[in-house]
Amino acid sequence: MGTRVTFLNFIIDWVNNPASERGLILFGQAGTGKSSIAHEIARLFDKMHRLTSSFIFIRREQSVREAYHLFTTLARDLADRYLSFKIALGKVVKDNTALRVGTRDYHTLFESLILEPLKDLHIVGPILVVIDALDESGDTTSKTGLHAFLAKNLIRLPSNFRVVITSRPEHAIVSALVEAQSIKIKYMDDTELAAGTYEDILAFFRQGLPSNEFRHYVEALAVKAEGLFQWAAVASQLIRDPPARFGYSKEKCIKHLLEPSTNRHGQHLLDGLYKEVLEGYFADEEARDLFRSVVGQLITSIEPLTIRSLITLRKHAPYNKRSDAAVTGLLHRLGSLLSNVNSSDSSLPIIPLHTSFRDFLTNKDKSGDFYVGVRDAHHQLTHSCLNLLLDPLDGLKFNICKLETSYLNNDEIEDLKTRIDQHIPPALLYACRFWNDHLRHTDFKMDLYLKLKTLFKEKFLFWLEALSLTTNIGLVPSAFATLNMWLASSQGVSMTAGPMRNANN
């Protein structure tokens, strides 16, 4: 939209300069627009067919486990772009058992999937990789986290690699990267680069709000934003679609937003605005219950859910269900807080547009009636996943992809992807892959135990088949480990759980 031009130009010049460092990290507090800059850089270079890989970390309870995906994603993207890399990678994987069974060790993945295939390749021009929200990658306090690994190892990449990283300025990350070789550090409040922030936010309001109607307010709104692009984005949405509490009046909404804040510090400003938006749109308790349930599932899902998958999982929940229209109607109200909820494509992932929104929802002191209990959300999703897997029509079944023969390897089935798309929809695949991740955060309950017992007794082989067909068979040992730990917490029903535990050993 014509904003953050100074930052963008600086990064573009840095990427194109042959003498640049391997890495550039952009530190900034919540709401300052660092993710927007990362996404715009990725978009610009992708448009020029020069983006190699883009990776966004999203906070989840299992984020420590997810961090290794950075290396597998980068390897896949390099293979998609460069045939010579793909051939070299194939040779490495073919002879490495640890890689085939799904190792998650950073050193092994970096050496084997990235450095080894690159060793004898000569790629002209910069190879751009964008990593957004490094602070969400898992353990950012120890010396073994991803931030510490990148600090030590980015310099080992070929000299034409350029890695743009964004992060909140957490102490451990700053300390590790300040001492790193070949990493340039910039802050969102950099005197030179941030000089035009107010003008950028002003331009944002002028473009997002009808100028004739709001020209007398845009400057005051830009001042009120205090340099927070997230505040400007959410406020604009609220003004364009004012709730009943403001009499549906855009002007009343603006005047309320411009009232003095009780605290002028940035993060509090965002929290106050989030509260205003949610209280305005979801006034009664029934609507707030639905909000907590729906958004709770979105922010605790192991991978981002689409609207279609979310609705499918909710149909298999044991709690009182609301109509599809109620769910989609609620999500449409949250377009400034969640991605893709107003898209006509229901197969796009729903992701909180800003980490501070998740922080707000999971802090009861901040969110009040809109507090999302993470364990409750995991409990709901555990039930939904198991019910879907056990469903006689939509769930697991024998020869789920209707293969004519079982004598062929998966890679010998020419139309396997088409069959998977037709017979294993995303919601079912999600349930196959992640029921155990949700179970990990759920207390032992007899009703869950009985569903798991049925799954292993009646559909265990069908589950293995679905994982095998979709190249997810490596998840099985982790699922067994989680199940055994969950059964070990059964206490009073340990005698009942014993046979099931033995079956997993």
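For the structure itself, look to the data block above.
The rules behind these values
- Residues numbered from 1 in each chain as written.
- Predicted model: local features only at pLDDT ≥ 70, side-chain atom pairs only at ≥ 80, totals over all residues.
- Heavy atoms only, no water.
- Helix = DSSP H or I, 4+ residues; strand = E, 2+ residues; numbered from the N terminus.
- Rg over C-alpha atoms; globule rule 2.2 N^0.38 Å.
- Buried < 20%, exposed > 50% of the residue type's maximum accessible area, 1.4 Å probe, protein only.
- Contact = heavy atoms within 4.5 Å.
- Areas by Shrake-Rupley, 256 points an atom, 1.4 Å probe, with all protein chains shown as cover.
- Lys, Arg positive; Asp, Glu negative; His and termini not counted.
- Charge placed at Lys NZ, Arg CZ, Asp CG, Glu CD.
- Axes fitted to C-alpha atoms, helices over the stretch in contact; angles between N-to-C directions.
- Parallel < 35°, antiparallel > 145°, perpendicular 65-115°, else oblique.
- Nonpolar A, V, L, I, M, F, W, Y, C, P; charged D, E, K, R; others polar.
- Salt bridge = Lys/Arg side-chain N within 4 Å of Asp/Glu carboxyl O.

(A) Local environment of the overall build of the protein. The helix and strand inventory of the protein stands at 27 helices and 5 strands. For 505 residues, the compact-globule estimate of 2.2 N^0.38 gives 23 Å, and the protein sits close to it at 24 Å. The dimensions of the protein, computed from C-alpha atoms along their principal axes, are 70 × 60 × 40 Å. Looking at the protein as a whole, 53% of its 505 residues qualify as buried. The long-range share in the protein, meaning contacts at least 24 apart out of those at least 6 apart in sequence, stands at 74%. Carbon and sulfur atoms provide 53% of the accessible area of the protein, an area that totals close to 23600 Å². If you average the places of the 58 positive and of the 57 negative side-chain charges in the protein, the two averages end up 2 Å apart.

(B) Structural view of the packing of helix α16 (residues 285-300) against helix α18 (residues 324-332). Look at α16 against α18: their axes get within 10 Å of each other, and the N-to-C directions meet at 80°. In terms of orientation, α16 and α18 fall into the roughly perpendicular class. Contacts between α16 and α18 involve A287, L290, F291, V294, V295 and L298 from the former and A326, V327, L330 and L331 from the latter. Tallied by class, residues from the contact of α16 with α18 come to 10 nonpolar, no polar and no charged.

(C) Representation of the pattern of salt bridges within the structure. What the rule picks out here adds up to 25 salt bridges. Taking the shortest distance from any N to any O, the salt bridge between R333 and D241 comes out at 2.8 Å. With R333 in the loop between α18 and α19 (355-361) and D241 in the loop between α13 (229-240) and α14 (250-257), the pair connects residues that are 92 residues apart, well separated along the chain. When the shortest N-O distance is used, the salt bridge between R419 and E404 registers 2.8 Å. Of this pair, R419 sits in helix α22 (residues 416-423) while E404 sits in the loop between α21 (374-390) and α22, and the two are 15 residues apart along the sequence. Judged by relative accessible area, E404 falls into the exposed class, the value being 66%. In the salt-bridge network here, residues are joined through shared partners; they are R245, K275, E276 and E279.

None of the figures reported here should be taken as evidence of function without further support.
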